[in-house]
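Listed here are the chains, written in short residue letters.
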Amino acid sequence: MVHPVITPRALRTRARSAVAELGGGPSAVAAVMRSVVAGFARARGMVLTDAALDAAGLLSRADGPKSDHLLSNYLFLDGAAVDDLVLEEIGYVYEALLEVSSRRDNGAHYTPPELADEVVAHALAPVASADAAVVDIAAGTGVFLLASARYLASSCERPVAEIVTRCLYGADIDPVAVDIAKLSLWLLCEDPSLPLTFLDDRILCGNSLVGLVDADELPAGVDDPQAYADAMVAVALPLGGRPGRRLEEAYAALPRCRRLPVPAVRPIHWALAAPAVMARGGFDAVVGNPPYLGVKRVRDAIGQELRDYLAHTLAAGTTRRADYVIYFLLRAAALTRGEIGLITTDSISEGDTARFGLGALLDRGWQVARAERSAPWPTAGVRFAKIWLTTRPLDSAWLDGRSVPAITGTLEDGFSLPEPARLDLDVPLPHGYQGTIVLGRTLVLTPTEAEALGRGPLGHTVRPYLSGEDLVTPCGSTASRFVLDVGKLGLEELAEDRSLARLVRSKVRAERRRQFVKYPQLKERWWGFLSPVDELYRDASGLSHVIAFSKHSKHLWPVLVGADHVFSNGLVVYPTQDPAAYAFLASDLHRVWAVRAGGTMLNTAYRYNPSRLRATYPFPADLGPLSPAGVALLAALDRVGEERRIGITGVLNLVGDPDAHDPATTDLRQAIADVNHATARLHDIDESLATPDLTPSGFGLTPTRQRALMAALVDQNLALAEKAQASAETSGTSVETSPR
Ligand SMILES: C[S@@+](CC[C@H](N)C(=O)[O-])C[C@H]1O[C@@H](n2cnc3c(N)ncnc32)[C@H](O)[C@@H]1O
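Residues numbered from 1 in each chain as written. Predicted model: local features only at pLDDT ≥ 70, side-chain atom pairs only at ≥ 80, totals over all residues.

Enquirer: Lay out the overall build of the chain with the relevant residues and their values.
Expert: Counting secondary structure elements, the chain contains 30 helices and 24 strands. Projecting the C-alpha coordinates of the chain onto the three principal axes gives extents of approximately 100 × 70 × 55 Å. Contacts in the chain between residues at least 24 apart in sequence constitute 74% of all its contacts with a sequence separation of at least 6. (Helix = DSSP H or I, 4+ residues; strand = E, 2+ residues; numbered from the N terminus. Contact = placed C-beta atoms within 7 Å.)

Enquirer: Tell me what's going on with the pairing of strand 2 (residues 168-172), and back it up with residues and numbers.
Expert: Working note: regular strand, side chains alternate between the two faces of the sheet. Extensive coverage of strand 2 is indicated by the burial of 5 of its 5 residues. Inspection of the sheet shows strand 1 (residues 134-136) paired to strand 2 by 3 bridges, in the parallel sense. Pairing of Asp-136 across the sheet is with Gly-170, part of strand 2. Pairing geometry for strand 2 and strand 3 (residues 203-205), over 3 bridges, is parallel. (Buried ≥ 20, exposed ≤ 12 C-beta atoms within 10 Å, placed from the backbone. Pairing = 2+ DSSP bridges.)

Enquirer: I'd like a description of the packing of helix 2 (residues 25-43) against helix 5 (residues 88-97), backed by residues and values.
Expert: Running from N to C, helix 2 and helix 5 point in directions that differ by 160°, and their axes come no closer than 10 Å. As far as their axial angle goes, helix 5 and helix 2 are roughly antiparallel. The way helix 2 lies across helix 5 gives a crossing that is right-handed. Of helix 5, the residues touching helix 2 (which contributes Val-29, Val-32, Met-33, Val-36, Val-37 and Phe-40) are Ile-90, Val-93, Tyr-94 and Leu-97. Partitioning the contact of helix 2 with helix 5 into residue classes produces 10 nonpolar, no polar and no charged. (Axes fitted to C-alpha atoms, helices over the stretch in contact; angles between N-to-C directions. Parallel < 35°, antiparallel > 145°, perpendicular 65-115°, else oblique. Left-handed = near helix turned anticlockwise from the far one by under 90°. Nonpolar A, V, L, I, M, F, W, Y, C, P; charged D, E, K, R; others polar.)

Enquirer: Residues and numbers for the site of the ligand, please.
Expert: Of all residues adjacent to the ligand, which total 24 residues, the nearest are Tyr-110, Thr-111, Ala-138, Gly-140 and Asn-289. Of all the elements in the fold, those that place two or more residues in the shell around the ligand are helix 8 (143-156) and strand 2. (Near = placed C-beta within 6 Å.)

Enquirer: Explain the sheet that holds strand 5 (residues 336-345) to me, using residue names and the numbers behind them.
Expert: The 9 strands are arranged 3-2-1-4-5-7-6-8-9 in an open sheet whose pairing can be described as mixed. Lying at the two open borders of the sheet, with one neighbouring strand each, are strand 3 and strand 9 (402-404). Here the strands of the sheet are splayed against their neighbours by 20° on average, with no regard to which way each runs. As judged from the 7 bridges shared by strand 6 (residues 367-376) and strand 7 (residues 383-390), these two strands associate in the antiparallel manner. Along strand 7, the bridge assignment pairs Arg-370 with Trp-388. Across the sheet, helix 16 (residues 325-335) is in contact with strand 1, strand 4 (283-288) and strand 5; its angle to strand 5 comes to roughly 165°.

Enquirer: I'd like a description of the sheet that holds strand 13 (residues 444-445), backed by residues and values.
Expert: Sheet architecture is open: 4 strands sit in the order 13-15-14-19, paired in mixed fashion. The outermost strands of the open sheet, each flanked by one partner alone, are strand 13 and strand 19 (566-567). With 2 bridges joining them, strand 13 and strand 15 (residues 481-484) adopt antiparallel strand pairing. Following the sheet pairing, Val-444 is matched in strand 15 by Val-483.

Enquirer: Can you break down unusual backbone geometry residue by residue, with the values?
Expert: Unlike most non-glycine residues, Leu-411 shows phi in positive territory, near 55°. For Leu-411, the position within the fold is in the loop between strand 10 (406-407) and strand 11 (413-414). Within the chain, Asp-684 stands out as a residue other than glycine whose phi angle is a positive 65°. Here Asp-684 is to be found in the loop between helix 29 (663-682) and strand 23 (693-695). Residue Asp-684 is classed as exposed on the basis of its C-beta count, with 9 C-beta atoms lying within 10 Å.

Enquirer: Please set out the confidence of the model for the chain residue by residue, giving values where relevant.
Expert: In the predicted model, the chain carries a mean pLDDT of 89, and 94% of its residues have values of at least 70. Between residues 599-604, whose pLDDT stays under 50, and residues either more than four places distant or in other chains, the model counts 14 contacts. (pLDDT = per-residue confidence, 0-100.)

Enquirer: How would you summarise the domain arrangement of the chain if you had to cite specific residues and measurements?
Expert: Looking at the assigned domains, one finds that the chain contains domain 1 (8-85), domain 2 (114-210 + 271-414), domain 3 (215-256), domain 4 (433-574) and domain 5 (578-740). Just the C-alpha atoms count here: the centres of domain 2 and domain 5 sit 40 Å apart. The interface of domain 2 with domain 5 comprises 9 residues on the first partner and 6 residues on the second. The class makeup of the residues in the side of domain 2 that touches domain 5 is 3 nonpolar, 3 polar and 3 charged. (Domains from an automatic or database assignment.)

Enquirer: Got a sec to walk through the environment of Gly-211? Specific residues and values, please.
Expert: Looking at the element boundaries, Gly-211 is found in the loop between strand 3 and helix 11 (225-236). Since 26 C-beta atoms lie within 10 Å of it, Gly-211 is described here as buried. Through-space distance from the C-alpha of Gly-211 to that of Ala-479 is 68 Å; in sequence the pair is 268 residues apart. Excluding residues that lie within four positions of it along the chain, Gly-211 makes contacts with Ala-229, Val-233, Pro-267, Ile-268, His-269 and Trp-270.

Enquirer: Help me get a handle on the nonpolar core, residues and values and all.
Expert: One finds Val-32, Met-33, Val-134, Leu-185, Ala-548, Ala-583 and Leu-709 to be the most contacted residues of the largest nonpolar core, which totals 223 residues. Setting aside anything within four residues of it in sequence, one finds Val-134 in contact with Leu-124, Ser-148, Cys-167, Leu-168, Tyr-169, Phe-283, Asp-284, Ala-285 and Val-287. (Core = buried A, V, L, I, M, F, W, Y, C linked by C-beta atoms within 7 Å.)

Enquirer: Just give me the short version of the environment of Leu-429, but keep the residues and values in it.
Expert: Looking at the secondary structure, you find Leu-429 in the loop between strand 11 and strand 12 (433-434). Take Leu-429: there are 20 C-beta atoms within 10 Å of it, and that puts it in the buried class. As for Leu-429 and Arg-245, which are separated by 184 residues in sequence, their C-alpha atoms are 61 Å apart. Beyond its immediate sequence surroundings of up to four residues, Leu-429 is in contact with Tyr-574, Ala-581, Phe-584 and Leu-623.

Enquirer: Got a sec to walk through the environment of Ala-81? Specific residues and values, please.
Expert: For Ala-81, the position within the fold is in the loop between helix 4 (68-74) and helix 5. Given 17 C-beta atoms within 10 Å, Ala-81 falls into the partly exposed group.

Enquirer: I'd love a proper account of the pairing of strand 16 (residues 545-550), names of residues and values included.
Expert: Among the 6 residues of strand 16, 5 are classified as buried, and the element is accordingly described as predominantly covered. Direction of pairing for strand 16 relative to strand 18 (residues 559-562): antiparallel, over a ladder of 4 bridges. Each bridged residue has a counterpart across the sheet, and for Val-546 the counterpart in strand 18 is Val-561. Both strand 16 and strand 20 (residues 571-574) contribute to a ladder of 4 bridges, which runs antiparallel.

Enquirer: Which residues make up the packing of helix 1 (residues 8-21) against helix 5, and what values go with them?
Expert: Axis angle and axis distance: for two packed helices, these are the angle between their axes and the distance between the axes, and together they describe the pair. It is the contact of helix 1 with helix 5, at a shortest axis distance of 9 Å, that shows an interaxial angle of 45°. The angle between helix 1 and helix 5 falls in the class oblique. Between helix 1 and helix 5 lies a crossing whose hand is right-handed. Counted together, Pro-8, Leu-11, Arg-12, Ala-15, Arg-16 and Val-19 of helix 1 and Glu-89, Tyr-92, Val-93, Ala-96 and Leu-97 of helix 5 form the full contact between these two elements. For the contact of helix 1 with helix 5, the residue count by class is 8 nonpolar, no polar and 3 charged.

See below:
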């Protein structure tokens, strides 16, 4: 007979109604969950009776409601079957039955299988073997354990039952969830000869954060290690786990106790539960989705005493405003010798949560191998992060799907190198200025307005206005707008040109009036720019060209542009046309430093900050030797641009296109490599570190080379800072060499 197949949603709704019909409460939930599990067993040709569950002590019903008839009517109406449902659905039914309050206090949102599969795959890949020990310390109904069992069985080509019995460990504070996890794994094994109790010593019920990790913490020769370890927790808890004389005295008094004290929480002593695993240095991997709770809710949920205890035993005393999740992260690190893969709150990278969680682990030698910073949770309206940590040496890491040299404790792209010091060098490069802040729209002209005013007696005040966007358009780096640069003229002089004076006195003045409240400094010369940056134009006078960067750009590439522009504040301008300066600014040594130590990263674009670069970069005394490489690079850029009639962004896109092999593009790549090599030579750094490669993701340095180059430059920065410090000490002056 063909049974109607039930949908996950219908099953959850029916389970909720069945619990309500049975009067609600834990016994009703247990009764309904028994029927759900039995339904899943039936679909796999296995039989799961109440008697068997009672004997195994699983999903016990304190007052055992008479429910069989009710349940078969509610849950599997008309013999409906669950054939198509994944085993994880058992847990999701339970999640649907959890009271909102208990779900909130335990931070229980069970993970969809595809997310668990992803976390497990990356965490277990480096340690996959049929002997690996994997644990989920907030296992809930076992979603990550099911995923781990399937992953290891398939990658090691072993029967899933063998993996489940040899490799998996788990724990949860919720006894019903623990029973469901055990039963789900039993069903996964599809081996009716396995006793239902087969995971009793592997999947534990208790507080995963509390208990001994290291057997050496127990005094030698105690009769009942479990009771003694419990007693150690019992006396430490009221003292908030604070190390010191009182705690030592309490421990010292234990051997004299006639009855050992029992703690208010149920600890899990991993040193006793998994002695062989802990003796070899811990689990190979910890996976899961531990609970997250903001600092205020933590106190309500677990109380101040336990919170203090966790802070002292897991986090060296303080965790300030950190999220609850960091205790699970720190515990995970204490329990494993290898890999951690977790789903977690996206605030893991923020404030005290980052500082006391990931930051603390990175300080202890852990590295973030992979992270996805913020994704929407498939069902609830929250965002979450995925993180994978390792103790393995890493060449590079993956951040939001991109290969990066390393990931910092705030989940940013970084190098994990010492902070560079501020230096006080004679910099062989002119000052880099941020462009003019025009402020307002009325001084900016369209080409038609500009043409009309340009013909008038004050036509010279109509000037091309180059913005950051102009610089990065793929077709050309020319000004698309014009600006009225009249700030240096008096109002009476403006009267010489009637159309221009009319525009200024009407539109410009009206706009400026609205701006006076916020910018009172404009009142005096309101027809001028908010910030004219006179020094920039003074330094640029007499030059035909200057070097400009767009402040926010994907490429961070210098562009030689006409010096006769008004430059917008979206640009950083170096008033020089020296090819040696151009070569330096185009080199990957400058770029790597500007991005890592001299600027900040906004999503995938860089914010260029020339003052920080100037203050920290270990500049050589003279850039002159770079001149020939700079001349060649400028010529190669011109050739590609002219041949294709494209601007700098178009040229750079072509350079990064793995299919572009025409002679001009190939020569340009060589010129870029030559500039890098010449700059490395000038720094006395191994040239090969500066060799760019053409890969499917573009033309540039591999993450490994970027990091090596940055490490060499940081070394030079620190050596220069030390030298300056030493000479200041001998001459009795003080030098500021604090990190930026
Ligand atoms: C977000 S749920 C995730 C469950 C499971 N890992 C999943 O993704 O489906 C968090 C789980 O942590 C459990 N939990 C909360 N505090 C715990 C503690 N101190 N020790 C062990 N488990 C805990 C809750 O009962 C809940 O099952």
